[in-house]
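So the chains spell out like this:
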Amino acid sequence: MTVPVLVVTGYLGAGKTTLINAMLAQAGGRRIAAVVNDFGAINIDEELIRATADGIVGRADGVAGRADGVIGLANGCVCCTLQGDLLRTLKLLLARDPAPDHIVIEASGVADPAGIVQALADPVLWKSARLDAVLCVVDAEDVTGHAARRGDDLWRAQLAAANFVVLSKTAAIDDAAVEALSGLLSPTGKPPVIDMAREALPTGLFLDTGARPTRFTAVAAGEPRRSDRFATVEWQSPGEISLTVLQALIADYAPVLIRAKGIFHFCEKPGRRYLLQMVGQRVTLEPLPGDDQPGCRLVMIAEAGRLDRQALLARLGAGTDIPGTHL
Ligand SMILES: Nc1nc2c(ncn2[C@@H]2O[C@H](COP(=O)(O)OP(=O)(O)OP(=O)(O)O)[C@@H](O)[C@H]2O)c(=O)[nH]1
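Residues numbered from 1 in each chain as written. Predicted model: local features only at pLDDT ≥ 70, side-chain atom pairs only at ≥ 80, totals over all residues. Heavy atoms only, no water.

Asker: Can you walk me through the packing of aromatic side chains in this structure?
Answerer: The relation between two aromatic rings is expressed through the spacing of the ring centres and the mutual angle of the planes. Summed over the entire model, instances satisfying the criterion amount to 2 aromatic pairs. Plain terms: the ring middles of Phe 266 and Tyr 274 are 5.4 Å apart, the flat faces sit at 50 degrees to each other, and that makes the pair tilted. An identical accessibility class is assigned to Phe 266 and Tyr 274; each is buried. An aromatic cluster is present here, built from Phe 264, Phe 266 and Tyr 274 joined pairwise through their rings. (Phe/Tyr/Trp six-rings, centres within 6.5 Å; stacked < 30°, edge-to-face > 60°. Buried < 20%, exposed > 50% of the residue type's maximum accessible area, 1.4 Å probe, protein only.)

Asker: Mind showing me how you'd approach the side chain of Ser 237 here?
Answerer: Mapped onto the elements, Ser 237 comes out in strand 9 (residues 230-237). Assessed through its relative accessible area of 5%, Ser 237 is described here as buried. Side-chain polar atoms of Ser 237 contact the backbone nitrogen of Gly 239, separated by 3.0 Å. (Helix = DSSP H or I, 4+ residues; strand = E, 2+ residues; numbered from the N terminus. Polar contact = N/O pair within 3.5 Å; in protein donor to acceptor, adjacent residues only side chain to side chain.)

Asker: Sorry, what's going on with the environment of Leu 131 here?
Answerer: You can see Leu 131 is positioned in strand 6 (residues 129-139). When the C-alpha positions of Leu 131 and Arg 215 are compared, they lie 8.2 Å apart, and in sequence the two are 84 residues distant. Residues contacting Leu 131, with those up to four places away along its chain left out, are Val 5, Val 7, Val 117, Leu 120, Trp 126 and Pro 213. (Contact = heavy atoms within 4.5 Å.)

Asker: Just to check I follow, could you spell out the site of the ligand for this structure?
Answerer: Not every one of the 17 residues close to the ligand is listed here, only the nearest: Lys 16, Thr 17, Thr 18, Arg 259 and Lys 261. One nitrogen or oxygen atom from the side chain of Thr 17 is found 2.7 Å from an oxygen atom belonging to the ligand. Coverage of the ligand by the protein chains reaches 79% of its 650 Å² of free accessible surface. Elements supplying a minimum of two residues to the shell around the ligand: helix 1 (16-25), strand 10 (257-266) and strand 11 (269-279). Ranked by residue count, the leading element in the shell around the ligand is helix 1, at 3 residues. (Near = heavy atom within 4 Å. Areas by Shrake-Rupley, 256 points an atom, 1.4 Å probe, with all protein chains shown as cover.)

Asker: How do you make sense of the packing of helix 11 (residues 243-253) against helix 12 (residues 309-318) when you look at a structure like this?
Answerer: The geometry of a pair of packed helices is captured by two quantities: the angle between their axes and the separation between those axes. Between helix 11 and helix 12, the shortest axis-to-axis distance is 10 Å and the interhelical angle comes to 160 degrees. Relative to helix 12, the element helix 11 lies roughly antiparallel. In the packing of helix 11 onto helix 12, the handedness of the crossing is right-handed. Note on element contacts: helix 12 touches helix 11 through Ala 311, Leu 312, Arg 315 and Leu 316, opposite Val 245, Leu 246, Ala 248, Leu 249, Asp 252 and Tyr 253. (Axes fitted to C-alpha atoms, helices over the stretch in contact; angles between N-to-C directions. Parallel < 35°, antiparallel > 145°, perpendicular 65-115°, else oblique. Left-handed = near helix turned anticlockwise from the far one by under 90°.)

Asker: How do you make sense of the environment of Ser 242 when you look at a structure like this?
Answerer: Relative to the helices and strands, Ser 242 resides in the loop between strand 9 and helix 11. For Ser 242, a relative accessible area of 14% corresponds to the buried category. Once the C-alpha coordinates of Ser 242 and Thr 320 are considered, the two residues, 78 residues apart in sequence, prove to be 6.3 Å apart. The residues touching Ser 242, leaving out its near neighbours within four places in the chain, are Phe 266, Cys 267, Glu 268 and Gly 319. Within the structure, the side chain of Ser 242 is placed 3.3 Å from the backbone nitrogen of Thr 244, a separation counted as a polar contact.

Asker: How should unusual backbone geometry be read in this particular structure?
Answerer: Excluding glycine, residues mostly have negative phi values, and the peptide bonds linking residues are mostly trans. Look at the link from Asp 97 to Pro 98: it is a cis peptide, with omega at 5 degrees. Positionally, Pro 98 belongs in the loop between helix 3 (83-95) and strand 5 (102-106). For the bond running from Lys 190 to Pro 191, omega is 5 degrees, close enough to zero to count as cis. With respect to the secondary-structure elements, Pro 191 resides in the loop between helix 8 (175-185) and strand 8 (193-195). We note that Lys 169 has phi near 55 degrees; this positive angle belongs to a residue other than glycine. A relative accessible area of 27% means that Lys 169 is categorised as partly exposed.

Asker: Teacher, can you tell me more about the pairing of strand 6 here?
Answerer: For a regular strand, side-chain orientation follows a simple rule: the groups alternate between the two sheet faces. Counting buried positions along strand 6 yields 11 of 11 residues, so the element is predominantly enclosed. Across 8 bridges, the pairing between strand 1 (residues 3-10) and strand 6 is parallel. Opposite Val 5, over in strand 6, you have Leu 131 as the bridge partner. Here strand 6 pairs with strand 7 (residues 164-168) via 5 bridges, running parallel. Across the sheet, the residue bridging to Asp 139 is Ser 168, located in strand 7. (Pairing = 2+ DSSP bridges.)

Asker: I keep staring at the nonpolar core and nothing clicks. Help me out?
Answerer: Most often, soluble globular proteins keep nonpolar side chains buried together rather than apart. The biggest cluster of nonpolar side chains holds 27 residues, and the ones touching the most others in it are Leu 12, Val 138, Trp 155, Leu 159, Leu 185 and Phe 230. Residue assignment for this core shows that the elements contributing at least two residues are helix 2 (44-52), strand 6, helix 6 (140-145), helix 7 (153-160), strand 7, helix 8, strand 10 and strand 13 (296-303). Not counting chain neighbours up to four residues away, the residues in contact with Leu 12 comprise Gly 109, Val 110, Phe 230, Ile 258, Arg 259, Val 279 and Ile 301. Counting residues in hydrophobic clusters, the runner-up holds 25 residues, among them Ile 241, Leu 243, Ala 254 and Phe 264. (Core = buried A, V, L, I, M, F, W, Y, C linked by side-chain atoms within 4.5 Å.)

Printed below as a string of structure tokens:
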């Protein structure tokens, strides 16, 4: 049996995890395994997807062997440094009994999917797990608000690899602007552009798209662009952090942060954990249901050289009841 593989790509914070969670919620009896690659050592996306996937989880580091579900690949990018890990992870998944019906790979927001497509073109793997399609999530707010994004090499590489484009964050954008954006992203209508806010999510379609790239096309995907353009600061603590300290820190660093996400317990709000999401200037902080592991984890991403790492870590440390660690 050959298991179809869907690769979900898209820029930092575009909505990849949100889309995969929506797909898992509509799985309708299909066994979907998700492989989640986060740029940093702390894999927040893995945890967010795991919360939807009925708590089934395995890890890429060999702790697997539990039920298939979500496998996190942290601290690197499956398009380049973690290619070997990706292949090992897929083999682990395929060895499970029963094997998954579908595999979805979430690329990190800094990944050029060409590297993943190339890794999947491995001749042995291709017989048991075949690339079915690359889906690119495009943040409509980001692209309409920042014309420069369209000239961004990484963004263009992600779009160029796509068999499907899914627009996220279109609810606040009028129909004419969405139509114009669709024309811009796909002037010929191929790949099709799907507006997540206005159209029902065609989970079935994404999972067996019929796009069927051949192994030859996959090999021809070319070398991925390697980028040292982004810098990440990651921090975690077993304790709680002051909400006031975190809010002030996020406000101060907002002009340079491209993406931040974290899971927190606050001194001011005991007994609940919260999810921080920041994409560009949009920040949300919401209670996060599910497993209540103690502690805090935060990942911040900016253009290289724009984060004062030591100052950031010192401020985070000063705001916690138990000293944190950074990675
Ligand atoms: N309003 C709105 N918010 C969205 C939509 N899709 C995603 N978001 C929000 O955008 C933020 C980032 O979404 P994620 O799904 O984590 O994005 P991602 O592409 O997985 O992010 P990275 O893996 O960090 O690159 C979260 O706060 C989401 O709730 C959408 O269609 N509409």
